[in-house]
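Below, each chain spelled out in residue letters.
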Amino acid sequence: KKKKKESLKKATASITKNMEKRGGGILEIQLVDKTNDLANYYQLHVTFETVDSMGANFINSCLEAMAAEFRNDAIEIVMSILSNYVPECLVRAEVSCPIEELGGEDPQKFAEKFHQAIQIAEIEPYRA
């Protein structure tokens, strides 16, 4: 298990080198057994620190390099995807203004739709 983690880190070394210089990179690699939910199904959860960058391209490149590392094993990679669902990453932002200052054709309608979007966000963590 530890050997595989090291081989995955080695497979991504050329990709993570510059990110590591800035204080980022791969923080954790964790095998998650999901066989209770679906037969023969495991997930590899990889936690990244992307410092000041958005990191999607960096993460996707790392995931593809990791998937390639399994190609010689008797393992089928179904997909390598990143998730925007990061409940540990909390940000608080606040702004206020009178509704009429929102502009557009119908500031009141915009405010109502914005409020609705917030309500959806509170109940649906997997939204894009």
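Check the entry above for the structure.
These remarks concern the structure in this document. Note that this is a predicted model, so its numbers are computed, not measured.

A short note on the overall build of the protein chain
Scanning the protein chain from terminus to terminus reveals four helices and two strands. In terms of overall dimensions, the protein chain has C-alpha extents of about 60 × 40 × 25 Å along its principal axes. Counting the 128 residues in the protein chain, one finds 19% classified as buried. A separation of at least 24 residues holds for 39% of the contacts in the protein chain among residues at least 6 apart in sequence. Surface exposure of the protein chain reaches about 10700 Å², of which carbon and sulfur atoms provide 51%.

Some details on the nonpolar core
Counting residues in each nonpolar core, the largest one holds twelve residues, listed as L8, M19, I26, I29, V46, F48, F58, I59, C62, L63, M66 and F70. At the level of elements, strand 1 (25-33), strand 2 (42-49) and helix 3 (56-69) are the ones that each hand at least two residues to this core. Considering every element that reaches this core, the biggest residue donor is helix 3, with five residues. Ignoring any residue separated from it by four or fewer positions in sequence, one finds C62 in contact with T12, I15, T16 and F48.

Structural notes on the packing of aromatic side chains
Taken as a whole and judged by the stated rule, the model has two aromatic pairs. With centroids separated by 5.8 Å and ring planes inclined at 80°, the aromatic side chains of F48 and F58 adopt a geometry described as edge-to-face. Residue F48 is found in strand 2, and its partner F58 is found in helix 3; the two are separated by ten residues along the sequence. Of the residues examined, F48 reaches a relative accessible area of 16% and is grouped as buried. The exposure class of F58 is buried, given its relative accessible area of 11%. Look at F110 and F114: their rings are 6.1 Å apart centre to centre, the planes differ by 35°, and that puts the pair in the tilted class. Taken as a pair, F110 and F114 lie in helix 4 (residues 107-123) at a separation of four residues, close to a single helical turn. The ring of F70 carries the charged tip of K4 above its face, separated from the ring centre by 4.7 Å.

Rules used in this analysis
Residues numbered from 1 in each chain as written. Predicted model: local features only at pLDDT ≥ 70, side-chain atom pairs only at ≥ 80, totals over all residues. Heavy atoms only, no water. Helix = DSSP H or I, 4+ residues; strand = E, 2+ residues; numbered from the N terminus. Buried < 20%, exposed > 50% of the residue type's maximum accessible area, 1.4 Å probe, protein only. Contact = heavy atoms within 4.5 Å. Areas by Shrake-Rupley, 256 points an atom, 1.4 Å probe, with all protein chains shown as cover. Core = buried A, V, L, I, M, F, W, Y, C linked by side-chain atoms within 4.5 Å. Phe/Tyr/Trp six-rings, centres within 6.5 Å; stacked < 30°, edge-to-face > 60°. Lys NZ or Arg CZ within 6 Å of the ring centre and 35° of its normal.

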